[in-house]
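Structural overview
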Amino acid sequence: MFLLVCAVLALPLQVASQEAITSPMAGVRVPVLTYHNVDYSGSEYSVTPEQLEAQCQWLVENGYTAITVGQFWDAAHGYGTLPAKPIVLTNDDGWASAMTFADILGRYGMVGTYFVNNNEWQLTPDQLLSLAQRGSVEAHTASHLNLAGLAYETQYAEITNNKAYIEQITGQPVRFLAWPFGASDENAVRAASAAGIVAAFGLSGTAANSAALDPYYIPRLMMMVTDDLSTFAAKVTSW
Ligand SMILES: [Zn+2]
């Protein structure tokens, strides 16, 4: 009798684990690209409008579909599906040129994700709302501090103030965070989680694997002014 009960109890567990292994979501490679300014400053972490145009065109010609971080996260957890060649285009710091970034992506039918600070001298609330309507606006802390090593209370305040600032403008829940400078520590992860952030993005220089995500350090690829189209293609396809 005892054996029979054990066998019956074990059955649903086996079925569940087989489903997980054969899930079509197992191990989809998703490049998450990190952009900053779109301008002619020549700054290392900027790209020119022409560079971004050429990159968007390359993505379209090569069959990529841009999704937001929310679509990526949800699909990786079984809610919704990923397109055949998904890519996430993120823009950090909420510079005024985020509007140029959104305009260029829009011309190619692509959505962006904007990780912004509380800096309305760069982007007005109206512009932030417009970005949210053309993609998604997510957290990057209130004042772009390097959170690693700071007191838990400071880390928590930086994240919650930023989250509340964005939500009050966009009317959308903020679920994601990009660590400023890609820097975090154990307390910062606890603070993010307590603030209601479900996943956070770093800068580790590889694509993300949808089946093997560290929720509080999802890797992203840095886009740089020195990237020519072949470097860009290499980052998207093989890094
Ligand atoms: Zn930043």
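Keep in mind the model is a prediction, meaning the values are calculated, not measured. (Residues numbered from 1 in each chain as written. Predicted model: local features only at pLDDT ≥ 70, side-chain atom pairs only at ≥ 80, totals over all residues.)

Details of the overall build of the protein chain
Along its length, the protein chain carries eight helices and 10 strands. Scored against the burial criterion, the 239 residues of the protein chain give a buried share of 40%. Taking the intrachain contacts of the protein chain between residues at least 6 apart in sequence as the baseline, contacts between residues at least 24 apart amount to 63%. (Helix = DSSP H or I, 4+ residues; strand = E, 2+ residues; numbered from the N terminus. Buried ≥ 20, exposed ≤ 12 C-beta atoms within 10 Å, placed from the backbone. Contact = placed C-beta atoms within 7 Å.)

A look at the packing of helix H2 (residues 49-61) against helix H4 (residues 98-107)
For the pair H2 and H4, interaxial distance at closest approach is 10 Å and the crossing angle is 30 degrees. The crossing of H2 and H4 is right-handed. On H4, the residues that touch Pro49, Leu52, Glu53 and Cys56 of H2 are Thr100, Phe101, Ile104 and Leu105. Taken together, the residues of the contact of H2 with H4 sort by class into six nonpolar, one polar and one charged. (Axes fitted to C-alpha atoms, helices over the stretch in contact; angles between N-to-C directions. Left-handed = near helix turned anticlockwise from the far one by under 90°. Nonpolar A, V, L, I, M, F, W, Y, C, P; charged D, E, K, R; others polar.)

Notes on helix H3 (residues 69-76)
With six of eight residues buried, H3 is to be regarded as a mostly interior element. Turning to H3, its buried residues are Val69, Gly70, Gln71, Phe72, Trp73 and Ala76. On the buried face of H3, the contacting elements are strand E1 (29-30), strand E4 (86-92), strand E5 (112-116), strand E6 (135-139), strand E7 (176-178) and strand E8 (199-201). The first or second residue beyond H3 is glycine 78, which carries a positive phi of 90 degrees.

Considering unusual backbone geometry
For aspartate 93, which is not glycine, the phi dihedral falls at a positive 85 degrees. By the secondary structure assignment, aspartate 93 is in the loop between E4 and H4. By the C-beta count within 10 Å, which is 21 here, aspartate 93 ends up buried. One non-glycine residue, histidine 144, lies in positive phi territory at about 55 degrees. Within the fold, histidine 144 resides in the loop between E6 and helix H6 (152-170). Residue histidine 144 is classed as partly exposed on the basis of its 18 C-beta neighbours within 10 Å.

Remarks on the environment of glycine 106
Tracing the backbone through its elements, the reader meets glycine 106 in helix H4. The spatial distance from the C-alpha of glycine 106 to the C-alpha of cysteine 56 is 9.8 Å, given a sequence separation of 50 residues.

Things to note about the pairing of E6
Side-chain positions along a regular strand alternate between the two faces of the sheet. Among the five residues in E6, five count as buried, and that is most of the element. Two elements, E5 and E6, share five bridges in a ladder whose sense is parallel. Each residue of the ladder has a partner; that of phenylalanine 115, found in E6, is glutamate 138. In this fold, the crossover linking E5 to E6 by way of helix H5 (residues 125-133) has right-handed handedness. (Pairing = 2+ DSSP bridges. Right-handed = clockwise from strand over helix to strand, strands pointing away.)

Thoughts on the nonpolar core
By size, the foremost hydrophobic cluster in this structure holds 58 residues, and its most contacted members are Leu177, Ala192 and Ala200. Among the elements that take part in this core, H4 stands out by supplying five residues, more than any other. Not counting chain neighbours up to four residues away, the residues in contact with alanine 192 comprise Ile159, Leu177, Ile197, Ala200 and Tyr216. (Core = buried A, V, L, I, M, F, W, Y, C linked by C-beta atoms within 7 Å.)

Notes on the confidence of the model for the protein chain
Mean pLDDT over the protein chain: 90, with 89% of residues reaching 70 or higher. Low confidence marks residues 1-25, where pLDDT is under 50. Its contacts with residues over four positions away, or in another chain, come to five contacts. (pLDDT = per-residue confidence, 0-100.)

A short note on the pairing of E5
With five of its five residues buried, E5 lies for the most part within the structure. Side-chain alternation along E5 places Gly112, Tyr114 and Val116 on one buried face and Thr113 and Phe115 on a second face that is also buried. Sheet topology places E4 next to E5; three bridges connect them, and they run parallel. Bridge pairing in E5 links asparagine 91 to tyrosine 114. With respect to chirality, the unit in which E4 leads through H4 into the neighbouring parallel E5 is right-handed.

Section: the packing of H6 against helix H7 (residues 186-194)
Contact geometry for H6 and H7: axes closest at 9 Å, N-to-C directions at 40 degrees. Considering the angle they form, H6 stands oblique to H7. The interaxial crossing formed by H6 with H7 has right-handed handedness. Taking contact as the criterion, the partners of Tyr152, Gln155, Tyr156 and Ile159 in H6 are, on H7, Asn187, Ala188, Arg190, Ala191, Ala192 and Ala194. (Parallel < 35°, antiparallel > 145°, perpendicular 65-115°, else oblique.)

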